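Each chain is listed here by its residues.
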Amino acid sequence: MKERFFNLFKDGAWKIAVISAVILILELTFIRLIPAEVRAISYFTNLLLMAAFFGLGLGCILQKRRSVGWLLPVGLALVAGFIYFGRGLVIYDEAAAVHFWLQYEEVLGQARRLPIFFSAAAAFIFGALPFVALGQKLARTMDRYPRLIAYSWDIFGSLLGTILFLTTSFLEMPPWIWPVAVAVLWAIIFSEKWIFRAAVLGAGFLFLLFLQSDYEARWSPYYLIQFQQEKLGLRVYVNSSFHQLAVDFVSRDAALSAMQEQIMKKFSIPYEIYKNYHKGEAPKKVLILGAGTGNDAVVALQNGAKEITAVDIDPVILELGKKYNMAKPYDDKKVRTVVDDARHFIKSTKEKYDLIILGTLDSQTLLSGQTNLRLENYVYTREAFLDMKERLADKGVLGAYYSVFRDKSSWLFGRLFKTVEEAFGAETKIFIVTNSDFLFNTIIVGTKGISDFSLAQDSSGAVSPEMAATDDWPFLYLEKPTISPLYLKLFGLILVLIFGVFLLLKKFQPADGAKLNFLFF
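Because the structure is a prediction, the values reported are computed rather than measured.

Undergrad: Looking at this model, I keep getting lost on the overall build of the protein chain. Mind explaining?
TA: Secondary structure summary: the protein chain contains 17 helices and 13 strands in total. Per-residue burial over the protein chain gives 56% buried out of 521 residues. By sequence separation, contacts in the protein chain at least 24 residues apart represent 74% of the contacts at least 6 residues apart. Of the accessible surface of the protein chain, which amounts to about 24,400 Å², a share of 61% is contributed by carbon and sulfur atoms.

Next up, the structure:
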């Protein structure tokens with residue numbers, strides 16, 4: 001048995017495992033790298049998964065045809081180019097039926113613009129090309145061995161690739177190292193001609209372009225996080241989009257004092273509301289969901305909170321707050337930090353809080369590569385707000401901060417308000433901040449047991465009536481129950497490509513009759 005095992009290494013069956021590991025690693029690399037660098041693709045990571053499967057399937061169909069190994073360097077080069085040049089594009093949606101965080105007025109007109117459909121289509125096509133070559137190579141190599149042996153090595157390689165990629169992710173290593181490593185490995189093991197070896201190495205080394213960054217960068221479990229210390233505080237970008245600013249509330253610079261005062265006043269609105277209904281007393285126990293780099297914790301401390309629980313799903317962002325926030329709120333003994341999903345924390349805690357604050361939980365990434373739900377979708381549902389209400393003490397207050405592009409997605413005001421209102425009833429008000437859009441421009445306030453609750457600047461009557469987001473329909477960013485025209489276009493493109501491959505398969509491997517069970521499978 002031992003001799004047979006070593007013979008498998010000797011005769012080259014192990015190469016199946018190498019190819020499988022490369023496929024798995026490259027697939028995960030594209031899913032992690034492309035959305036992080038080209039911000040619009042953050043909302044279409046499932047396309048990259050589909051592209052990998054599509055390419056592998058086409059490669060297997062071409063198993064006995066002329067070699068398409070050249071698609072590996074070509075595909076890697078196109079992906080690297082798409083990422084590199086996609087960094088400088090303003091990618092925009094042509095309609096407002098789905099709310100994407102893409103509209104940046106400060107750069108519109110100053111950079112090249114590209115519709116989001118063409119960006120997503122390019123990501124799909126370019127992402128599929130390397131896998132066509134890999135699929136053909138895998139099919140040819142597996143076909144030289146008994147099925148059981150071949151699939152055993154295939155599974156072993158997939159597991160090995162998964163473990164290797166997870167290990168580098170755990171160590172916060174950038175995913176662009178993998179195309180470089182894959183190119184070197186492929187050149188050594190599978191490249192027989194020097195020109196092909198040079199092409200593969202050249203395409204792989206293109207990913208070294210991402211070694212340079214204008215900002216310090218770290219890779220968290222969810223994002224590419226870039227950050228820069230500036231006069232106003234620590235500016236943080238996730239997946240190439242501005243995400244938050246840890247305001248420097250400590251500096252005594254006269255030029256900053258007005259901004260510090262304005263931001264502190266805006267963040268303190270829910271605290272002032274609480275004090276109005278509690279004879280001027282500050283909330284003692286405060287829960288912050290989406291605590292980020294610490295602004296909300298600073299405000300809670302400034303407003304006299306005695307016990308603060310700061311929850312954020314991203315450990316790297318919390319760590320940046322601990323290290324770089326000038327006020328050092330997370331070093332205060334009154335503050336406890338928790339790395340957890342906001343919804344999970346609310347469901348699992350038994351504590352009661354005087355005030356619950358929702359920071360601007362507007363993520364730029366999906367929940368996973370298999371869904372179009374974003375990280376915060378199940379936080380902004382009626383059921384989630386009912387859970388939050390349950391966690392409020394009697395006469396407690398909830399304050400949810402949010403930013404909405406009024407010109408693009410005015411319906412989002414109504415969606416947010418209606419969702420909270422269905423949980424808090426008549427004790428729900430919306431406060432639209434008109435003097436400053438910086439960091440957020442909307443505060444939705446709900447109370448528990450304050451029958452005479454009112455706001456001096458209540459804007460509830462100004463928002464359009466919308467259906468609430470629920471656990472059964474958690475699509476906060478979809479204007480109405482529909483399939484967006486953008487997705488229909490992408491589905492159409494993919495169906496055309498699949499139909500073309502289906503005709504190719506029928507030509508190369510004629511079947512005796514229709515096998516509908518396999519078609520639908």
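Undergrad: I tried to follow helix H9 (residues 254-267) on my own but got confused; where do I start?
TA: Side chains that are three or four residues apart share a direction in an α-helix, a result of its 3.6 residues per turn. In this model H9 runs 21 Å from its N-terminal to its C-terminal C-alpha over 14 residues, within 8% of the 20 Å that 1.5 Å per residue would give. What H9 keeps buried is the set Leu 256, Gln 260, Ile 263, Met 264, Lys 266 and Phe 267. In a view along the axis of H9, the buried residues occupy a sector of 160°, so they form one face of it. Counted as exposed and oriented over 90 degrees from the buried face of H9: Ala 254, Ala 258, Glu 261 and Lys 265. Against the buried residues of H9 lie strand E6 (241-247), helix H10 (269-276), helix H11 (295-302), strand E11 (392-402) and strand E13 (442-447).

Undergrad: What is the right way to look at the side chain of Asp 387 in this model?
TA: With respect to the helices and strands, Asp 387 occurs in helix H14 (residues 382-391). Judged by its relative accessible area of 18%, Asp 387 is buried. Among all residues touching Asp 387, those that are not within four sequence positions of it are Arg 343, Ile 346 and Lys 347.

Undergrad: Help me understand the sheet that holds strand E10 (residues 353-358), please; the structure alone is not making it clear to me.
TA: Two strands in a sheet stick together by hydrogen bonds in their backbones, pointing the same way (parallel) or opposite ways (antiparallel). Ordered in space as E9-E8-E7-E10-E11-E13-E12, the seven strands form an open sheet in which the pairing is mixed. Two strands in the sheet have a free side with no partner beyond their single neighbour: strand E9 (335-339) and strand E12 (428-432). When strand polarity is set aside, the average angle formed by the axes of neighbouring strands in this sheet is 15°. For strand E8 (residues 307-312) and E9, the ladder comprises five bridges, and the chain directions are parallel. The residue of E9 that forms the bridge with Thr 309 is Arg 336. Here helix H12 (residues 315-324) sits on the sheet in contact with E8 and E9, set at roughly 155° to E9.

Undergrad: Looking at this structure, how should I read the pairing of strand E5 (residues 233-238)?
TA: Note on strand geometry: in a regular strand, side chains alternate between the two faces of the sheet. Burial runs high along E5: six of the six residues are buried. Here strand E4 (residues 224-230) runs beside E5; their pairing, made up of six bridges, is antiparallel. The residue of E5 that forms the bridge with Gln 228 is Arg 235. In this antiparallel pair of consecutive strands, E4 and E5, the connection spans two residues. In this structure, E5 lies alongside E6, joined through six bridges in antiparallel fashion. If you follow Arg 235 over to E6, its bridge partner there is Leu 245. Remark: two residues form the turn of the hairpin made by E5 and E6, two consecutive strands paired antiparallel; Asn 239 in that turn has positive phi of roughly 45°.

Criteria and cut-off values
Residues numbered from 1 in each chain as written. Predicted model: local features only at pLDDT ≥ 70, side-chain atom pairs only at ≥ 80, totals over all residues. Heavy atoms only, no water. Helix = DSSP H or I, 4+ residues; strand = E, 2+ residues; numbered from the N terminus. Buried < 20%, exposed > 50% of the residue type's maximum accessible area, 1.4 Å probe, protein only. Contact = heavy atoms within 4.5 Å. Areas by Shrake-Rupley, 256 points an atom, 1.4 Å probe, with all protein chains shown as cover. Expected span 1.5 Å × (residues − 1). Arc of directions from axis to C-beta. Pairing = 2+ DSSP bridges. Axes fitted to C-alpha atoms, helices over the stretch in contact; angles between N-to-C directions.

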